[in-house]
Amino acid sequence: MQSLQDTHVKLLAFDFLSLTPSPSHPNTVIHKGTHLLSRAETLGIVTFREHKPDRFLKFTVDDGTGCIPCVLWLNQLTSPYFSRRCPPDVRRIAEVAKSFATLIQIGVSARVRGKVGVYRGNVQLTVSDVVVERDPNAEIVHWLECVRLAKKCYGCLNVNVNDSG
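Quick caveat: nothing in here was measured; it's all calculated off a predicted structure. (Residues numbered from 1 in each chain as written. Predicted model: local features only at pLDDT ≥ 70, side-chain atom pairs only at ≥ 80, totals over all residues. Heavy atoms only, no water.)

**Q** Could you clarify how one ought to interpret the pattern of salt bridges in this entry?
**A** For side chains bearing opposite charge, pairing can occur when the charged atoms are close. For the coordinates displayed, the defined rule picks out nine salt bridges. The partner of Asp 54 in a salt bridge is Lys 98, with the nearest N and O atoms 3.5 Å apart. Of this pair, Asp 54 sits in the loop between β4 (35-52) and β5 (56-62) while Lys 98 sits in helix α2 (residues 87-103); the two residues are 44 residues apart in sequence, bridging distant segments of the chain. Since its relative accessible area comes to 48%, Asp 54 is described here as partly exposed. Ionic contacts of the salt-bridge type, sharing partners, join the residues Lys 10, Glu 41, Arg 111, Arg 113, Glu 133 and Glu 145 into one network. (Salt bridge = Lys/Arg side-chain N within 4 Å of Asp/Glu carboxyl O. Helix = DSSP H or I, 4+ residues; strand = E, 2+ residues; numbered from the N terminus. Buried < 20%, exposed > 50% of the residue type's maximum accessible area, 1.4 Å probe, protein only.)

So this is what it looks like as structure tokens:
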């Protein structure tokens, strides 16, 4: 089985939503065809936003093929997960997360990267990076890159390049 675990794999929503947990890595790693994935990148319009200050921001990104559920954690200053880390580092991580949360607004075109996981049986993206796209061509370029990578690198599309239809 091939592994793309440390790569942000560019996926369209219909591919992302078809991911299933790997039996050998049930908590975080997702199995797609013959590849193990742990990180993904998507680009689309933010269509839903639920903000719980100092806890999390849940939102969805719609790329036209479906909606990817995303979560951005904002609890770095109170989470036991960060208690063993250097306090200045934790404060910086919290500042960055809050700045990402201000960027995520309904109707914004956003490029989102993060860790693929499962929550209550559904795949979601735990956000590590957000970029607001201002280029009107960014979404179509992302679509084209996703299709090219799926055919040439990920091996998950059965598309005949000689098709003229």
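**Q** Just to check I follow, could you spell out the packing of aromatic side chains for this structure?
**A** Geometrically, a pair of aromatic rings is defined through the distance of the ring centres and the angle of the planes. This structure, assessed with the given rule, holds two aromatic pairs. The interplanar angle of 75 degrees and the centroid separation of 6.0 Å between the aromatic rings of Phe 56 and Trp 73 together place this pair among those described as edge-to-face. Of this pair, Phe 56 sits in strand β5 while Trp 73 sits in strand β6 (residues 67-73), and the two are 17 residues apart along the sequence. Judged by its relative accessible area of 13%, Phe 56 is buried. (Phe/Tyr/Trp six-rings, centres within 6.5 Å; stacked < 30°, edge-to-face > 60°.)

**Q** Before we go on, may I ask you to explain unusual backbone geometry in this structure?
**A** A negative phi holds for most residues other than glycine; trans holds for most peptide bonds. For Asp 54, which is not glycine, the phi dihedral falls at a positive 60 degrees. Unlike most non-glycine residues, Arg 120 shows phi in positive territory, near 50 degrees. Within the secondary structure, Arg 120 sits in the loop between β7 (109-119) and β8 (122-132). Accessibility expressed as a relative area gives 71% for Arg 120, which makes it exposed.

**Q** Even after reading the chapter, I still don't get the pairing of β6, so can you show me in this structure?
**A** Along any regular strand the residues' side chains alternate between the sheet's two faces. Where β5 and β6 come together, seven bridges link them in antiparallel fashion. Its bridge partner being in β6, Phe 59 is matched across the sheet by Cys 70. Linking β5 back to β6 in an antiparallel pair, the connection comprises four residues, with Gly 64 at a positive phi of about 100 degrees. With two bridges joining them, β6 and β8 adopt parallel strand pairing. Each residue of the ladder has a partner; that of Cys 70, found in β8, is Leu 125. (Pairing = 2+ DSSP bridges.)

**Q** Even after reading the chapter, I still don't get the nonpolar core, so can you show me in this structure?
**A** For soluble globular proteins, nonpolar side chains are generally found buried alongside one another. Membership of the largest hydrophobic core comes to 29 residues, with the highest contact counts inside it found for Phe 16, Phe 59, Cys 70, Leu 72, Val 112 and Leu 125. Those elements that provide at least two residues to this core are α1 (13-16), β4, β5, β6, α2, β7, β8 and α3 (138-154). Not counting residues up to four positions away in its chain, the partners in contact with Leu 125 are Phe 16, Ala 40, Thr 42, Ile 68, Pro 69, Cys 70, Val 71, Val 112, Arg 113, Gly 114, Lys 115 and Val 116. (Core = buried A, V, L, I, M, F, W, Y, C linked by side-chain atoms within 4.5 Å. Contact = heavy atoms within 4.5 Å.)

**Q** Looking at this structure, how should I read a nonpolar patch on the surface?
**A** Taken together, the side chains of Ile 140, Val 141, Trp 143 and Leu 144 define a hydrophobic patch exposed on the protein surface, amounting to about 360 Å² of accessible area. On the secondary structure map, Val 141 appears in helix α3. (Patch = residues over 30% accessible without salt bridge, like charges linked within 9 Å, V, L, I, M, F, W, Y side chains within 5 Å. Areas by Shrake-Rupley, 256 points an atom, 1.4 Å probe, with all protein chains shown as cover.)

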